[in-house]
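Letter by letter, the chains look like this.
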Amino acid sequence: LLSPLVADAEMLGTPDPELAATMGFSGFGKKARTFDLEAMFEQTRRTAVERSRKVLEAREREKEDQTEKEFRIPCTDSSASASSATRAGPTLPEREAVYSESEDNSNEALSGPSMQSQSSAKGPAEDTDDDDDEEFIGPPLPPGFKDSDDDNDNDDTEEEDNNPVKKIPDSHEITLQHGTKTVSALGLDPSGARLITGGYDYDVKFWDFAGMDASLQAFRSLQPCECHQIKSLQYSSTGDVILVVSGNSQAKVLDRDGFPVMECIKGDQYIVDMTNTKGHTAMLNSGCWHPKIKEEFLTCSNDGTVRTWDVNNEKKHKSVFKPRSVQGKRVIPTTCTYSRDGKLIAAGCQDGSIQIWDRNMSVHTKFHCRQAHASGTDTSCLTFSYDGTVLASRGGDDTLKIWDIRQFKKPLNSADGLPSFFPMTDCCFSPDDKILVTGTSVKKGGGSGKLFFFYRETFQKLYEIEVTDASVVRCLWHPKLNQIMVGTGNGLAKVYYDPVKSQRGAKLCVVKTKRKERQAETLTQDYIITPHALPMFREPRQRSTRKQLEKDRLDPMKSHKPEPPVAGAGRGGRVGTHGVTLSSYIVKNIALDKTDDSNPREAILRHAKEAEENPYWVAPAYAK
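Residue indices begin from 1 for each chain and proceed along its sequence in written order. Residue-level local features of this predicted model are given only where pLDDT is at least 70; pairs of side-chain atoms are given and counted only at 80 or more, and the full residue set underlies all totals for whole chains, interfaces and linings. The basis for the side-chain values is all heavy atoms of the structure; hydrogens and waters are excluded.

## As for the sheet that holds strand E25 (residues 461–468)
Right, on to step 1. Strand pairing is defined by DSSP finding a minimum of two bridges between the two strands. Working definition: helices are DSSP H or I runs of at least four residues, strands are E runs of at least two. Numbering for both runs from the N terminus. Ordered in space as E22-E23-E24-E25, the 4 strands form an open sheet in which the pairing is antiparallel. Both edges of this open sheet fall to strand E22 (427–429) and E25, since each of them pairs with a single strand only. Averaged over all pairs of adjacent strands, the angle between strand axes in this sheet comes to 20 degrees, irrespective of strand direction.
Right, on to step 2. The pairing of strand E24 (residues 449–455) with E25 spans 6 bridges and is classified as antiparallel. In the sheet register, Leu-451 faces E25, and the bridge partner there is Ile-465. Note on geometry: axes are lines fitted to C-alpha atoms, helical ones only across the stretch in contact, with angles between N-to-C directions running from 0 to 180 degrees.

## Section: the packing of aromatic side chains
Right, on to step 1. Only rings of Phe, Tyr and Trp enter the pairing, Trp through its six-membered ring, and a pair is recorded when the two centres are within 6.5 Å. The plane angle decides the type: under 30 degrees is stacked, over 60 is edge-to-face, the rest tilted. Scanning all chains against the criterion turns up 9 aromatic pairs.
Right, on to step 2. With 5.6 Å between their ring centres and 50 degrees between their planes, Phe-321 and Trp-357 make a pair best called tilted. Here the residue Phe-321 occupies a position in strand E13 (residues 319–321), and Trp-357 occupies one in strand E16 (residues 354–358), the gap between them amounting to 36 residues. Comparing Phe-321 with Trp-357 shows no difference in burial state: the two are buried.
Right, on to step 3. Aromatic ring contacts, followed pair by pair, group Phe-452, Phe-454 and Phe-459 into a single cluster.
Right, on to step 4. One cation-aromatic arrangement involves Arg-340 over Tyr-386; the distance from NZ or CZ to the ring centre is 4.2 Å. Remark: exposure states derive from per-residue accessible area (1.4 Å probe, protein chains only) relative to the maximum for the residue type, with buried under 20%, exposed over 50%, and partly exposed in between. Only Lys NZ and Arg CZ are tested; either one counts as a charge over a ring when it is within 6 Å of the ring centre and within 35 degrees of the ring normal.

## So, the UniProt feature "repeat: WD" (unreviewed entry) in the protein
Right, on to step 1. UniProt positions are given in the numbering used here, feature names are shortened, and annotations may be inferred rather than shown by experiment. Feature annotation in UniProt places "repeat: WD" (unreviewed entry) on residues 176–208, 277–319, 338–358 and 372–406, given in this structure's numbering.
Right, on to step 2. In the segment residues 338–358, helix accounts for 0% and strand for 57%; the C-alpha atoms at its two ends are 10 Å apart.
Right, on to step 3. Helix makes up 0% of residues 372–406 and strand 40%, whereas the separation of the span's terminal C-alpha atoms amounts to 14 Å.

## A closer look at the sheet that holds strand E26 (residues 472–478)
Right, on to step 1. One open sheet accounts for 4 strands, arranged E1-E28-E27-E26; its pairing is antiparallel. What marks the edges here is a single partner per strand, and that holds for strand E1 (172–177) and E26. Within the sheet, the average angular offset between the axes of one strand and its neighbour, ignoring direction, is 20 degrees.
Right, on to step 2. In terms of strand pairing, E1 meets strand E28 (residues 492–497) through 6 bridges, oriented antiparallel. Pairing of Leu-176 across the sheet is with Ala-493, part of E28.

## Side note on the pairing of strand E6 (residues 230–235)
Right, on to step 1. Within E6, 5 of the 6 residues are buried, which leaves the element mostly enclosed by the surrounding structure.
Right, on to step 2. By the bridge criterion, 5 bridges tie E6 to strand E7 (residues 241–246) in an arrangement that is antiparallel. Looking across to E7, one finds that Ile-230 is bridged to Ser-246.
Right, on to step 3. Connecting E6 to the antiparallel partner E7 that follows it, the hairpin turn spans 5 residues, and Gly-239 within it adopts a positive phi of roughly 80 degrees.

## What to know about the pattern of salt bridges
Right, on to step 1. Salt-bridge detection follows one rule: a side-chain nitrogen of Lys or Arg within 4 Å of a carboxyl oxygen of Asp or Glu. Per the counting criterion, the structure on display carries 18 salt bridges.
Right, on to step 2. Close ionic contact of Asp-257 with Arg-194 constitutes a salt bridge, the shortest N to O distance being 3.3 Å. Here Asp-257 is found in the loop between strand E8 (252–255) and strand E9 (260–263), whereas its partner Arg-194 is found in strand E3 (residues 194–199), with 63 residues between them in sequence.
Right, on to step 3. Classification of Asp-257 as partly exposed rests on a relative accessible area of 31%.
Right, on to step 4. A relative accessible area of 13% places Arg-194 in the buried class.
Right, on to step 5. Arg-456 serves as the salt-bridge partner of Asp-433, at 3.3 Å between the closest nitrogen and oxygen. Of this pair, Asp-433 sits in the loop between E22 and strand E23 (435–439) while Arg-456 sits in the loop between E24 and E25, placing them 23 residues apart in sequence.

## Topic: the confidence of the model for the protein
Right, on to step 1. Mean pLDDT over the protein stands at 77; residues scoring 70 or higher make up 74%.
Right, on to step 2. A score between 0 and 100, pLDDT records how confident the predictor is in each residue. Two residues form a contact once any of their heavy atoms are found within 4.5 Å. Confidence over residues 9–15 falls short of pLDDT 50; this stretch has 5 contacts with residues more than four positions distant or in other chains.
Right, on to step 3. In this model, residues 74–136 is a region of pLDDT below 50 whose contacts with residues beyond four sequence positions or in other chains number 36 contacts.

## Structural notes on the nonpolar core
Right, on to step 1. Side-chain atoms within 4.5 Å are what join buried Ala, Val, Leu, Ile, Met, Phe, Trp, Tyr and Cys residues into a set we call a nonpolar core. Grouped together as the largest cluster of nonpolar side chains are 18 residues, with contacts concentrated most on Ile-174, Leu-176, Leu-195, Phe-209 and Met-485.
Right, on to step 2. At the level of elements, E1, strand E2 (183–188), E28 and helix H8 (506–510) are the ones that each hand at least two residues to this core.
Right, on to step 3. Discounting chain neighbours no more than four positions away, the residues touching Leu-195 are Leu-176, Leu-186, Gly-187, Leu-188, Lys-205, Phe-206, Trp-207, Phe-209 and Met-485.
Right, on to step 4. Counting 15 residues, the second largest nonpolar core, distinct from the first, contains Cys-428, Val-437, Leu-451 and Ile-465.

## What to know about the environment of Ser-171
Right, on to step 1. Assignment of secondary structure puts Ser-171 in the loop between helix H7 (148–162) and E1.
Right, on to step 2. Expressed as a C-alpha distance, the spacing of Ser-171 and Tyr-496, which sit 325 residues apart in the sequence, is 7.3 Å.
Right, on to step 3. Leaving out residues up to four positions away in the same chain, Ser-171 has contacts with Tyr-497, Asp-498 and Pro-499.
Right, on to step 4. Polar side-chain contacts of Ser-171 include one of 2.9 Å to the side chain of His-172.
Right, on to step 5. For the purposes of these results, a polar contact is taken to be a pair of N or O atoms within 3.5 Å, where, inside protein, one atom must be able to donate a hydrogen and its partner to accept one; residues adjacent in sequence count only when each atom of the pair is a side-chain atom. Within the local environment of Ser-171, its side chain forms a polar contact with the side chain of Asp-498, the two groups lying 3.3 Å apart.

Okay, structure coming up:
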């Protein structure tokens, strides 16, 4: 195999050493080492044959010992013993013949590397005999018998299928401190590597699970929409851009690192027909990405429209959908979403209706439910199931309902008594589509906000988690990570996970220890760049921070070194410890330590006897 390479190397000869160094071929002129592959294979075969021979010899010895033990058993009948001897006589040579044959075969054919492979290469009958000798004592197991471990595993899986509560990953949790105000938006990228949180404090924070340690700090914080509350955050289907919907009328798109990509145009608020304006003219309520087309997204606003946009065209919307009330009047959409295949657009409106359009036909609704929720309440969330047949709606009338859009007159199931004070309270489906999750709101000091889990088929309440002593606003169950993210009313983002059932995500950062802050880092002085300053005022450019740190450590002013005690006569405005003047003597005596370290009770009672005999202060006053 290597001989052509060797020949090439010899033909090339030794090049100029300078050229070789330049090209990076430092060992160019050396002769390549040759390998005799046939000799190597022959050596390997011999060692394999030798090993297999040793194994066979050891087994033969064992068999002989066993037969000797059989012969030693005392027999009462001599004829029986004689016959047994005659019977046993031919077996030995037969066995020896078999083994010599197998040994010859092994010399010819066996070239395996180890004893293990040799033993696995035995015939099936021989294998079972040996296994029986080594492992099983007693009669063979019945054919229908299974190992207890297998049974346990099967039982566990069956139990998990029967009991969906077992699938909820809530055994562990981590808490990310977003701020002090409500976390009103949560977004996870499709791979589950990064989480973004947005809140009423106008901040958007970026959390990287793989980059975080146990201190759980966000790696970036920014205010993309100045002084507007963040309503919704969502990564696109590819995870490369983020849609930011805030309290103003213009949605923004940021890249993964938080830098702006595009901003929607603001519409003309003096035009009555909203179809003729290029963008929204009032506060946004919600928004989301198209599940299949990565450049398209959807927004809804208080101007009474739902609009689709293209990331590459910020000057004008793509299409406009106008929800209408029973009387045909304008009605405000409070939430909007795409179906899983992206063909339908659904909006929940303030008159309690849910209206669904075909994405390509913006005039008339395809499905319509007039009284889905109580009129005058904000429907805070609409979400389609993963199979695309069912729509869940979270109403401002404290209900959670589930609908089959093909029979849209009445809900399949409904749960009430779930208070919601926020216009963005979420609901979401579990990755297996069997459980529906939502959070509840509480007034300050009115108990704990909870996360409720409902079985999709029967709407029976399966489980609840007490999250914190504030409202639960956002919830998100990521299908890849199998972890549940929760945004709360007191500025926390909690992540629930199970070390066994969950993947990556929070598991990555909890195992990393906190990075110790180096003492020297606190001493660094910021370097001020002044290119146009005069040479005498210009600071020398720092070559290395470490050298600068070492210099600063030696400088007593920069490292805040305490002043040593003054020895001899005083200097620099400080008095010497042993001065010769009267004033220094007085100062020395004033500064003497006169603290009494004895028991204070004894110190007071020392004067008790004297106070009794010769009262001076207290007793005469009370006597009068």
